[in-house]
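# Observations on the three-dimensional arrangement
Listed below are the residues making up each chain.
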Amino acid sequence: MIPAYANFGGKIHGGTLLSLMDKVAYVCAAKHAGNYCVTASIDTVNFLAPVEVGELVSLMASINYVGNTSVVVGIRVVSENIKTNQVKHTNTCYFTMVAKDDQNSPIQVPGLILENKEQVRRFIEAKERKDLRRQYQKELAQVNIPEKDEQCRNLLAGERCIMI
């Protein structure tokens with residue numbers, strides 16, 4: 001990582017890391033799908049430790065789940081201080097990528113062959129995250145904002161905001 005990638009605090013911008021992760025997710029998904037792929041969503045991004053200028057960054061990606069036209073790519077990012085050889089796990093994230101044909105329409109992706117328990121665990125966890133996300137979206141759609149100001153004030157009591 002070079003100084004141009006650093007923020008004012010001297011750490012590598014999260015956006016720089018997200019850009020690298022998106023590129024790696026694309027390569028992993030496109031290789032599996034055998035087609036162009038686009039980012040549909042980023043399910044979770046955990047920034048666990050900062051990346052410092054001068055560290056070597058490695059990104060490892062795997063197809064964790066396949067749907068009909070989409071794949072979930074899990075990415076693990078580690079950084080290494082090349083002077084001290086200290087290696088740290090800095091990021092984990094999950095990208096959903098959709099395969100596209102030459103007409104830019106979604107196209108079916110190949111199934112996934114699970115060869116070991118770790119791959120089975122990743123597949124099941126990705127499926128569970130997908131199911132939880134659907135449930136969350138349903139619940140969020142049910143949220144009703146009160147019409148009356150007094151009801152809103154009651155809901156916001158104790159929060160760090162002021163309603164004017």
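Look up: the structure comes first, before these words.
So, a few notes on the structure that sits alongside this text.

Here is what the cut-offs are and how they apply
- Residues numbered from 1 in each chain as written.
- Predicted model: local features only at pLDDT ≥ 70, side-chain atom pairs only at ≥ 80, totals over all residues.
- Heavy atoms only, no water.
- Helix = DSSP H or I, 4+ residues; strand = E, 2+ residues; numbered from the N terminus.
- Buried < 20%, exposed > 50% of the residue type's maximum accessible area, 1.4 Å probe, protein only.
- Contact = heavy atoms within 4.5 Å.
- Areas by Shrake-Rupley, 256 points an atom, 1.4 Å probe, with all protein chains shown as cover.
- Lys, Arg positive; Asp, Glu negative; His and termini not counted.
- Charge placed at Lys NZ, Arg CZ, Asp CG, Glu CD.
- Phe/Tyr/Trp six-rings, centres within 6.5 Å; stacked < 30°, edge-to-face > 60°.
- Pairing = 2+ DSSP bridges.
- Axes fitted to C-alpha atoms, helices over the stretch in contact; angles between N-to-C directions.
- Salt bridge = Lys/Arg side-chain N within 4 Å of Asp/Glu carboxyl O.

This part takes up the overall build of the chain. A count of helical and extended segments in the chain gives three helices and four strands. Each helix and strand of the chain, placed in order from N terminus to C terminus, yields the pattern α-β-β-β-β-α-α. For the C-alpha atoms alone, the extent of the chain along its principal axes is close to 55 × 45 × 35 Å. Burial statistics for the chain: of 164 residues in total, 28% are counted as buried. Taking the intrachain contacts of the chain between residues at least 6 apart in sequence as the baseline, contacts between residues at least 24 apart amount to 63%. On the chain, roughly 11000 Å² of surface is accessible, and the fraction owed to carbon and sulfur atoms is 54%. Of the charged side chains in the chain, 19 are positive and 17 negative; the average position of the first set lies 3 Å away from that of the second.

Our next topic: the packing of aromatic side chains. Applying the stated criterion across every chain, the model contains two aromatic pairs. Aromatic pair tyrosine 26 and tyrosine 36: ring centres 5.9 Å apart, planes at 55°, arrangement tilted. You can see tyrosine 26 sitting in helix H1 (residues 14-33) and its partner tyrosine 36 sitting in strand S1 (residues 36-47), a full ten residues away along the chain. Overall, the relative accessible area of 31% leaves tyrosine 26 in the partly exposed class. Arranged with centres 4.7 Å apart and planes meeting at 40°, the rings of tyrosine 65 and phenylalanine 123 form a pair that is tilted.

Time to look at the sheet that holds strand S4 (residues 87-100). Ordered by their spatial adjacency, four strands build an open sheet running S1-S4-S3-S2, and the pairing between neighbours is antiparallel. Strands with a single pairing partner mark the edges of an open sheet, and in this sheet they are S1 and strand S2 (56-66). Within the sheet, the average angular offset between the axes of one strand and its neighbour, ignoring direction, is 25°. Helix H2 (residues 117-141) contacts S1, S2, strand S3 (70-80) and S4 of the sheet and is inclined by roughly 75° relative to S2.

Within the secondary structure, phenylalanine 47 sits in strand S1. Once residues lying within four places of it in the same chain are set aside, the contact partners of phenylalanine 47 are Gly14, Leu17, Leu18, Thr90 and Asn91.

Taken across its eleven residues, S3 has nine buried, putting it largely inside the fold. Once S2 ends, the chain turns through three residues before running back antiparallel as S3. Relative to S4, S3 is paired through eleven bridges, and the arrangement is antiparallel. By the bridge assignment, glycine 74 is partnered in S4 with tyrosine 94. In this antiparallel pair of consecutive strands, S3 and S4, the connection spans six residues, and asparagine 85 shows a positive phi of 65°.

Now for the pattern of salt bridges. Tallied over the entire structure, the rule returns eight salt bridges. Close ionic contact of lysine 11 with glutamate 52 constitutes a salt bridge, the shortest N to O distance being 2.9 Å. With lysine 11 in the segment before H1 and glutamate 52 in the loop between S1 and S2, the pair connects residues that are 41 residues apart, well separated along the chain. Of the charged contacts, one joins arginine 121 and glutamate 118 as a salt bridge, the two residues approaching to 2.3 Å between their closest N and O atoms.

Don't take any of this as a statement about function, it's just geometry.
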